[in-house]
Amino acid sequence: MPYSLCLIALLFLSYLKTSVIGLSFVLALGFLLVIMSCALYGNWWPLFVVATYVLAPLPNAVFGRYAGRDDVMSDYQGGIADAGYFLTGLMIITGFCLPVVLAHAGVITVPAMIMSISGGLLIYGTSTFKPFFFVFVDYNYGAFGCDAN
Amino acid sequence: MSTQWNLSDRQKRICLFPMPRIPRLGPKARDAAIYISGALFALGWWFFIDAVIRSKNWNYDDGPKHASVSFVDWVPGICSTVGMLVINLIDKGALRGDSFSFSSNGGGTSVAWKARVFLFVGFAFMAGGLAGSVSVLCIKYLLPNYGKIFTSWGISNVIQNGSLMASAAILWVAQSTESEYQYNFAI
């Protein structure tokens, strides 16, 4: 049953990749998969994965702002933005490794691990494809999508 | 960046054969390389944490527990991480030493010289970490021939230090192409 649920969710991602409504639907489906991976087995350890999903885009935003990416006039400090990229990559892999380590230690079951990882794939998929949908138009320079994330 | 390793300055070169150039990446590839570097860092540490957890929760139905992950296994990873920090905290511009503000001709205080000593210490930490993980694998797990599960703990230690080294290498290549992107963005 969990395998079919994951399959249906991944199929939805391929179907609904055209609209913002579909994107938010896929995001909700990803969170549903993560919560179901805890609730179906009565074991709430995989919920710690959600913390990495929340923390992953945070260094990019904070460090990019501090490095002066938004402000054209200030001198751009690349090293600070790089630290943000590094921490984001670290958080993303942590989100995938945590269920694997929990399952390897026997704390959670393997189907719960698979559900948690596929939920993480859906959530990261939406946050990765988000720039293709939200295209901001700046009337001075033309259209561009946001390059972060 | 073209004068890195003093390639353009033929008189100052030390080695007979020119050193290979570090490849220059575009802005997108540079960001992707830093993401990959962070991912490798996390992956290495998670391999080790997995081994630690399995050693702690040893299931005695699998047989007697001959060896466990102790502080000796932590030392190579800590060395690699400290070395990676030291390497990446150095300003890459200070290593070149071709700018007059960074090097003083014949003077006692040269910033480039200090930066190179720091770089050497960092690389020594990283190489020591990798060599230490291999020696822990051989001496603690492989030579007594405990069995497959115990050997996997040592192998995960080697994987940890290898991926930390790969992470530092990718980060080095990415950070050496900094100034171009900075210039493009400032315009």
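Residues numbered from 1 in each chain as written. Chains lettered and ligands numbered in written order. Predicted model: local features only at pLDDT ≥ 70, side-chain atom pairs only at ≥ 80, totals over all residues. Heavy atoms only, no water.

Undergrad: Whenever I open this one, a nonpolar patch on the surface confuses me. Can you help?
TA: All names here are of chain B. A grouping of Phe71, Trp74, Val75, Ile78, Val82, Trp113, Val117, Phe120, Val121 and Phe125 is seen on the molecular surface, where their side chains present a nonpolar patch of about 940 Å² in accessible area. Of all the elements in the fold, those that place two or more residues in the nonpolar patch are helix H2 (71–88) and helix H4 (111–142). Its location among the elements puts Val117 in helix H4. (Patch = residues over 30% accessible without salt bridge, like charges linked within 9 Å, V, L, I, M, F, W, Y side chains within 5 Å. Areas by Shrake-Rupley, 256 points an atom, 1.4 Å probe, with all protein chains shown as cover. Salt bridge = Lys/Arg side-chain N within 4 Å of Asp/Glu carboxyl O. Helix = DSSP H or I, 4+ residues; strand = E, 2+ residues; numbered from the N terminus.)

Undergrad: Just checking my understanding: could you explain the packing of helix H5 (residues 78–104) of chain A against helix H1 (residues 27–56) of chain B for this structure?
TA: The geometry of a pair of packed helices is captured by two quantities: the angle between their axes and the separation between those axes. For the pair H5(A) and H1(B), interaxial distance at closest approach is 7 Å and the crossing angle is 30°. Viewed along their axes, H5(A) and H1(B) form a crossing whose handedness is right-handed. Looking at side-chain class alone, the contact of H5(A) with H1(B) contains 15 nonpolar, 6 polar and 5 charged residues. (Axes fitted to C-alpha atoms, helices over the stretch in contact; angles between N-to-C directions. Left-handed = near helix turned anticlockwise from the far one by under 90°. Nonpolar A, V, L, I, M, F, W, Y, C, P; charged D, E, K, R; others polar.)

Undergrad: I'm lost on the interface of chain A and chain B in this one. Help?
TA: Much of the literature gives interface size as the accessible area that the parts lose upon coming together. In this complex, chain A contributes 20 residues to the contact, which on the side of chain B involves 23 residues. Approximately 2000 Å² of surface area, both sides summed, lies buried where chain A meets chain B, with 68% of it carried by carbon and sulfur atoms. Linking chain A to chain B there are 1 salt bridge. Taken together, chain A and chain B are joined by 4 residue pairs in polar contact (both at pLDDT 80 or more). A per-element tally of the side of chain A that touches chain B places H5(A) first, with 14 residues. Looking at the side of chain A that touches chain B residue by residue, the classes come out as 9 nonpolar, 8 polar and 3 charged. (Contact = heavy atoms within 4.5 Å. Buried area = accessible area lost by both parts, 1.4 Å probe. Polar contact = N/O pair within 3.5 Å; in protein donor to acceptor, adjacent residues only side chain to side chain.)

Undergrad: It is not clear to me how the confidence of the model for chain A should be interpreted in this structure. Could you clarify?
TA: Any region with low pLDDT has predicted coordinates that should not be read closely. Averaged over all residues, the pLDDT of chain A equals 77, while 71% of them reach at least 70. No element of chain A has a lower mean pLDDT than strand S2 (residues 142–145) of chain A, which averages 45, and none a higher one than H5(A), which averages 89. (pLDDT = per-residue confidence, 0-100.)

Undergrad: Whenever I open this one, the nonpolar core confuses me. Can you help?
TA: The biggest cluster of nonpolar side chains holds 49 residues, and the ones touching the most others in it are A:Phe86, B:Phe41, B:Met84, B:Tyr141 and B:Trp153. Counting residues per element, the ones that place at least two in this core are helix H3 (48–55), H5 and helix H6 (110–133) of chain A together with H1, H2, helix H3 (92–96), H4 and helix H5 (148–175) of chain B. Beyond its immediate chain neighbours, meaning those up to four positions away, B:Phe41 contacts A:Phe86, A:Leu90, B:Thr81, B:Met84, B:Leu164 and B:Ser167. The next biggest cluster of nonpolar side chains, apart from the first, holds 7 residues, and it includes A:Cys6, A:Ala9, A:Leu29 and A:Leu122. (Core = buried A, V, L, I, M, F, W, Y, C linked by side-chain atoms within 4.5 Å. Buried < 20%, exposed > 50% of the residue type's maximum accessible area, 1.4 Å probe, protein only.)

Undergrad: Would you take a moment to explain helix H4 (residues 57–67) of chain A for this structure?
TA: It helps to recall that an α-helix has 3.6 residues per turn; residues three or four apart then point in one direction. Among all positions of H4(A), only A:Pro59, A:Asn60, A:Gly64 and A:Ala67 are buried. Seen along its axis, H4(A) keeps its buried residues to an arc of 115°; they face one direction. Exposed positions of H4(A) whose direction lies more than 90 degrees from the buried face are A:Ala61, A:Arg65 and A:Tyr66. Buried residues along H4(A) sit in contact with H3 and H5 of chain A together with H1 of chain B. (Arc of directions from axis to C-beta.)

Undergrad: Even after reading the chapter, I still don't get the packing of aromatic side chains, so can you show me in this structure?
TA: Residue and element names in this part refer to chain B. Counted under the stated rule, the structure contains 13 aromatic pairs over all chains. Both rings, one in Trp45 and one in Phe48, keep their centres 5.9 Å apart while their planes meet at 80°; by these two values the pair is edge-to-face. Pair noted here: Trp45 and Phe48 are both in helix H1, with a separation of 3 residues, about one helical turn. With respect to class, Trp45 is no different from Phe48; both count as buried. (Phe/Tyr/Trp six-rings, centres within 6.5 Å; stacked < 30°, edge-to-face > 60°.)

Undergrad: Teacher, can you tell me more about the pattern of salt bridges here?
TA: Where charged atoms of side chains with opposite charge meet at close range, the side chains can pair. If you walk through the whole model with that rule in mind, you get 3 salt bridges over all chains. Notably, a salt bridge pairs B:Arg30 with A:Asp82, separated by 2.6 Å at the nearest N-O pair. You can see B:Arg30 sitting in helix H1 and its partner A:Asp82 sitting in helix H5, one on each of two chains. Like B:Arg30, the residue A:Asp82 is buried in the burial classification. On the accessibility criterion, B:Arg30 (2% relative accessible area) is buried. Here the residues in one salt-bridge network are A:Asp82, B:Arg30 and B:Asp31, joined through shared partners.

Undergrad: How should unusual backbone geometry be read in this particular structure?
TA: Negative phi is the rule for most residues except glycine; trans is the rule for most peptide bonds. Residue and element names in this part refer to chain B. One non-glycine residue, Asn145, lies in the positive phi region at around 55°. Residue placement: Asn145 occurs in the loop between H4 and H5. Take Asn145: its relative accessible area is 64%, and that puts it in the exposed class.

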